[in-house]
Amino acid sequence: MSTAPIAPFGRLLTAMATAFKDDGSVDLDGTARIAAHLVDNGNEGVVVSGTTGESPTTTVEEDAEILRAVKDAVGGRATVIAGVGTNATQHSVELARNAAKIGVDGVLLVAPYYNKPSQRGVLHHFTTVTDATDLPVMLYDVPGRTGITVAMETYERAFESDKVISVKDAHGDMVRTTRLADMGYAVYSGDDVATLSFLAHGGCGLVSVVGHVAGRQLATMIDTFLGGDHAAALDIFRGLTPAFDAVMGVANYGATTAKGALQLAGVLDNRNVRGPLVPLDDTEYEALREGLTAAGLI
């Protein structure tokens, strides 16, 4: 019987939302409450200040405050990964160094977005940020947001550092998943609906968004699949399909639907986001409620 691949940060992590007050300021208490809710409900780790955390809209100072609040809330019970990916290498270096001072378990480093650097530029970005601290690094490839794809040759070069250990992959090419796993990476699905496919092709776990409200179910699905009962895992997946559609299958999704879900779950009393995002309107909110209800989550 094959052994499940090593998951250095845990099998299930959620890219967590950042709570905001009605005046737009960061709600540190609400953010800590989100982190505690996630860890209490099946998540072995949290990713802080990623896209779902609205990192393009937060300052360096806010990022440090958010990270400290989360570390204080769950640092003894779960892995805490700091999102440090930006499209300015020195900015990412600053964020990584701040994260190291706070004492997180690793950093998430997305391919630089919008600038469209060459693969040599992508590697330079990865290497410079990796070299800035002693923290383990999870690279992140999400072409739909960045406009570029990380080449396999770039992954090979990046992996020459013993600090680069994992990938959050939202590329969707399962052949790449297998190749990355064979290269030695711990490969996490960056797309909830693709999780079972990733696991079947050598992936080790999931960095989720739906995990804001379905942590226990997703954790059970992953463990069931890796335990060899693929049919039972597929049954869990089928049951969660309305939630996947409701959270990730609409135009105004991500931080917006995560916060709507947290409000429906009673974790937050609002669904505030920062521009250019706008909160779910009443129609979108009711559609989200229907999807989560159909999946048995609320």
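The structure presented is a predicted model; accordingly, all values stated were derived computationally and were not measured.

**Q** An account of the pairing of strand 5 (residues 137-141) is requested, with residue identities and associated values reported.
**A** Strand residues, when the strand is regular, have side chains that alternate between the two faces of the sheet. With five of five residues buried, strand 5 is to be regarded as a mostly interior element. Because side chains alternate across strand 5, one face comprises the buried residues Val137, Leu139 and Asp141, and the other comprises Met138 and Tyr140, equally buried. Across four bridges, strand 4 (residues 106-110) lies against strand 5 in parallel orientation. If you follow Leu108 over to strand 5, its bridge partner there is Met138. Crossover connection from strand 4 via helix 4 (residues 119-131) to parallel strand 5: handedness right-handed. One ladder, built from five bridges, connects strand 5 with strand 6 (residues 164-169); its direction is parallel. Looking at the pairing, Val137 lines up with Val164 of strand 6.

**Q** Account for the packing of aromatic side chains, with residues named and values stated.
**A** Tallying each qualifying case throughout the model produces three aromatic pairs. Measuring from centroid to centroid gives 5.2 Å for Phe237 and Phe244, while their planes differ by 45°, and the two rings are tilted. With respect to class, Phe237 is no different from Phe244; both count as buried. In this structure, Arg271 is placed above the aromatic ring of Tyr285, and the distance from its NZ or CZ to the ring centre is 3.9 Å.

**Q** Can you break down the environment of Ala36 residue by residue, with the values?
**A** Relative to the assigned elements, Ala36 resides in helix 1 (residues 28-40). Among the residues examined, Ala36 registers a relative accessible area of 21% and is labelled partly exposed. Every residue in contact with Ala36, bar those within four places of it in the chain, is listed here: Val74 and Arg77.

Reading guide: rules and limits
- All chains use their own residue numbering, which begins from 1 and follows the written sequence.
- Only residues with pLDDT of at least 70 are given local features in this predicted model, and only at 80 or more are side-chain atom pairs given and counted; all residues enter the totals for whole chains, interfaces and linings.
- Computation of side-chain values: all heavy atoms of the structure, hydrogens and water removed.
- Exposure is judged per residue with a 1.4 Å probe applied to protein chains only, and the accessible area is read against the type maximum: over 50% gives exposed, under 20% gives buried, and values in between give partly exposed.
- Numbering of helices and strands starts at the N terminus; helices are DSSP runs of H or I of at least 4 residues and strands are runs of E of at least 2.
- A pair of strands counts as paired when DSSP detects no fewer than two bridges linking them.
- Note on handedness: a crossover is taken as right-handed if, strands pointing away from the viewer, the path from the first strand over the helix to the second is clockwise.
- Under the pairing criterion, centres of Phe, Tyr and Trp rings, with the six-membered ring standing for Trp, must be within 6.5 Å; the plane angle then separates stacked pairs below 30 degrees from edge-to-face pairs above 60, leaving the rest tilted.
- We call a charge positioned over a ring when the NZ of a Lys or the CZ of an Arg lies within 6 Å of the ring centre and within 35 degrees of the ring normal.
- The contact definition used throughout considers only heavy atoms, calling two residues in contact when any of these lie within 4.5 Å.

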